[in-house]
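Structure assessment
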Amino acid sequence: MESHDLEQLENVAHYLEQGGMIFFAIDGEQVLSTCMVIELQPDIWEICKFATNEKFQGKGAGKAVFAAALDYAKDKKTKKVVIYSNKNLKSALHIYQMFGFQEVPVDIDEYERCDYQAELIIDEEDH
């Protein structure tokens with residue numbers, strides 16, 4: 001966890017008040033996966049805090065919460081969705097690519113370990 005991660009996690013209520021949303025895949029009382037989506041600026045949203053419990057990887061929970069977060073951003077009429085990640089997170093990278101995200105040069109410095117950035121341009125008919 002880096003300082004920017006902690007800032008986001010400690011201020012979840014702020015992001016929700018600003019229109020962001022958190023999605024969970026739950027089985028009983030067990031959280032399988034979670035994903036947050038927040039507005040960075042008008043027309044640009046970020047999918048962040050995407051994680052799946054290692055015991056449940058490969059079961060579809062990650063794809064489900066990721067799809068819900070992406071659909072939420074599309075419903076907000078965004079034009080672009082971005083992701084900041086790390087190339088070591090192979091399962092997550094696979095999901096990003098599955099949903100059509102394209103790798104682009106990293107343009108932020110909030111995360112020390114961020115060596116992967118991807119974006120998805122949203123067409124009008126995708127809304």
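Bear in mind that the values here come from a model prediction, so they are computed numbers and not experimental data. (Residues numbered from 1 in each chain as written. Predicted model: local features only at pLDDT ≥ 70, side-chain atom pairs only at ≥ 80, totals over all residues. Heavy atoms only, no water.)

What follows concerns the state of the cysteines. Note on terminology: disulfide describes a covalent bond linking the sulfur atoms of two cysteines. According to the stated counting rule, one finds zero disulfides in the structure shown. Not engaged in a disulfide, the cysteine Cys35 finds its nearest cysteine sulfur in Cys48; these two sulfurs lie 7.3 Å apart. Residue class for Cys48 comes out buried when judged on its relative accessible area of 5%. (Disulfide = S-S within 2.5 Å. Buried < 20%, exposed > 50% of the residue type's maximum accessible area, 1.4 Å probe, protein only.)

For Lys49, which is not glycine, the phi dihedral falls at a positive 50°. If you trace the backbone, Lys49 turns up in strand E3 (residues 44-52). At Lys77, a position not held by glycine, the phi torsion is positive, near 65°. Counting through the fold element by element, Lys77 comes out in the loop between helix H3 (61-75) and strand E4 (80-85). (Helix = DSSP H or I, 4+ residues; strand = E, 2+ residues; numbered from the N terminus.)

Here Phe99 shows up in the loop between helix H4 (90-98) and strand E5 (102-104). Judged by relative accessible area, Phe99 falls into the partly exposed class, the value being 26%. With 21 residues separating them in the primary sequence, Phe99 and Leu120 have C-alpha atoms 8.5 Å apart. Residue contacts for Phe99: discarding those within four places in its chain leaves Lys63, Phe66, Ala67, Leu70 and Leu120. (Contact = heavy atoms within 4.5 Å.)

Before going further, it helps to spend a moment on the pairing of E3. Within E3, seven of the nine residues are buried, which leaves it mostly tucked inside the rest of the structure. By the bridge criterion, seven bridges tie strand E2 (residues 30-41) to E3 in an arrangement that is antiparallel. Within E3, the position partnered with Thr34 by the bridge is Ala51. Counting the residues in the hairpin turn of E2 and E3 gives two residues, including Asp43, whose phi is positive at 75°. (Pairing = 2+ DSSP bridges.)

Glancing now at a nonpolar patch on the surface. A contiguous nonpolar surface patch, about 280 Å² in accessible area, is contributed by Phe24, Ile26 and Val31. Relative to the helices and strands, Ile26 is located in strand E1 (residues 21-27). (Patch = residues over 30% accessible without salt bridge, like charges linked within 9 Å, V, L, I, M, F, W, Y side chains within 5 Å. Areas by Shrake-Rupley, 256 points an atom, 1.4 Å probe, with all protein chains shown as cover. Salt bridge = Lys/Arg side-chain N within 4 Å of Asp/Glu carboxyl O.)

This brings us to the nonpolar core. Counting residues in hydrophobic clusters, the biggest one holds 26 residues, and the most contacted among them are Val37, Ile47, Phe50, Phe66, Tyr96 and Phe101. Of all the elements in the fold, those that place two or more residues in this core are E1, E2, E3, H3, E4, H4 and strand E6 (116-121). Leave out the neighbours within four places in its chain, and Phe66 touches Cys35, Ile47, Phe50, Ile83, Ile95, Tyr96, Phe99 and Phe101. (Core = buried A, V, L, I, M, F, W, Y, C linked by side-chain atoms within 4.5 Å.)

On to H3, then. For H3, built from 15 residues, the straight-helix expectation of 21 Å at 1.5 Å per residue is met to within 8% by its first-to-last C-alpha distance of 21 Å. Residues of H3 that are buried: Ala61, Gly62, Val65, Phe66, Ala69, Leu70, Tyr72, Ala73 and Lys74. Those residues of H3 hidden inside the fold are in contact with E1, E2, E3, E4, H4 and E6. Looking one or two places after H3, you find Lys77, whose phi comes out positive at around 65°. (Expected span 1.5 Å × (residues − 1).)

No statement about biological role is implied by the geometric values presented.
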